[in-house]
Amino acid sequence: ILQGAMQEFLQNGYAGTSMDKVAATAGVSKPTVYNYFKDKEGLFRALIQYVAESRCQQVMGDGNLEGRPEVVIRRLVTNAIESELHDLDYQNFVRLVAGESGRFPQLAQAFVEYLTKPAADQLTAYLKSCPELELPDPEATARVILGATVFFIMTQSVMHGEHIMPMEPQRLVDSLVDLVMRSQAA
């Protein structure tokens, strides 16, 4: 059902998708869709949660961040960039959520709740567990890392700016690692 929903939402947008279309695309009956999801908003929230959990697993792994900060940060940022730059469905899904956020803010909030917040919380907890970094604000540092990564993905792929603002992903990764590790050297 979620795969059929993804296909329909990406093709028709949130407003243009109906539970009938989702059921037909998923190859199930409409009552079956309603057995699992109360309404279209509930289905879309479940889709956001599914996409978010899958994306977090791809980027963060099992969530148990361990190791030297320069290795962990490099791995996380590289995983995020590599997985998201090449996943057209994910990019289109982000465009859909952003595009519908004005009319359906609760759906955009679900995206933040299920994807952004868990990633920020995990990275913050990891940075707090690295006293050798002597970070004055691990939460703000986590948000800077995530923000720079998301900005890179948004400008390069989601907003089709790779030819306007070209940059090799490795430059961003190296710079983020350098910024965090520089605090240790200071």
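Residues numbered from 1 in each chain as written. Predicted model: local features only at pLDDT ≥ 70, side-chain atom pairs only at ≥ 80, totals over all residues. Heavy atoms only, no water.

A. Representation of helix H6 (residues 88-100) within the structure. Taking 1.5 Å of rise per residue, 13 residues should cover 18 Å, and H6 covers 18 Å from first to last C-alpha, within 8% of that figure. Those residues of H6 that are buried lie in contact with helix H1 (2-12), helix H4 (40-60), helix H5 (69-85), helix H7 (105-128) and helix H8 (138-158). (Helix = DSSP H or I, 4+ residues; strand = E, 2+ residues; numbered from the N terminus. Expected span 1.5 Å × (residues − 1). Contact = heavy atoms within 4.5 Å.)

B. Representation of a nonpolar patch on the surface. A surface patch of nonpolar side chains, about 360 Å² in accessible area, is lined by Phe151, Ile164 and Met165. Relative to the elements of secondary structure, methionine 165 occurs in the loop between H8 and helix H9 (169-185). Methionine 165 gets classed as partly exposed once you look at its relative accessible area, which sits at 44%. (Patch = residues over 30% accessible without salt bridge, like charges linked within 9 Å, V, L, I, M, F, W, Y side chains within 5 Å. Areas by Shrake-Rupley, 256 points an atom, 1.4 Å probe, with all protein chains shown as cover. Salt bridge = Lys/Arg side-chain N within 4 Å of Asp/Glu carboxyl O. Buried < 20%, exposed > 50% of the residue type's maximum accessible area, 1.4 Å probe, protein only.)

C. Focus on the nonpolar core. Within the largest apolar cluster, 54 residues are counted, with the highest numbers of intra-cluster contacts made by Phe44, Phe93 and Leu127. Contributing elements (two or more residues each) for this core: H1, helix H2 (19-26), H4, H5, H6, H7, H8 and H9. (Core = buried A, V, L, I, M, F, W, Y, C linked by side-chain atoms within 4.5 Å.)

D. A look at the state of the cysteines. All chains considered together, the criterion is met by zero disulfides. Cysteine 56 carries a free sulfur, and the closest cysteine sulfur to it, the one in cysteine 130, is 19 Å from it. (Disulfide = S-S within 2.5 Å.)

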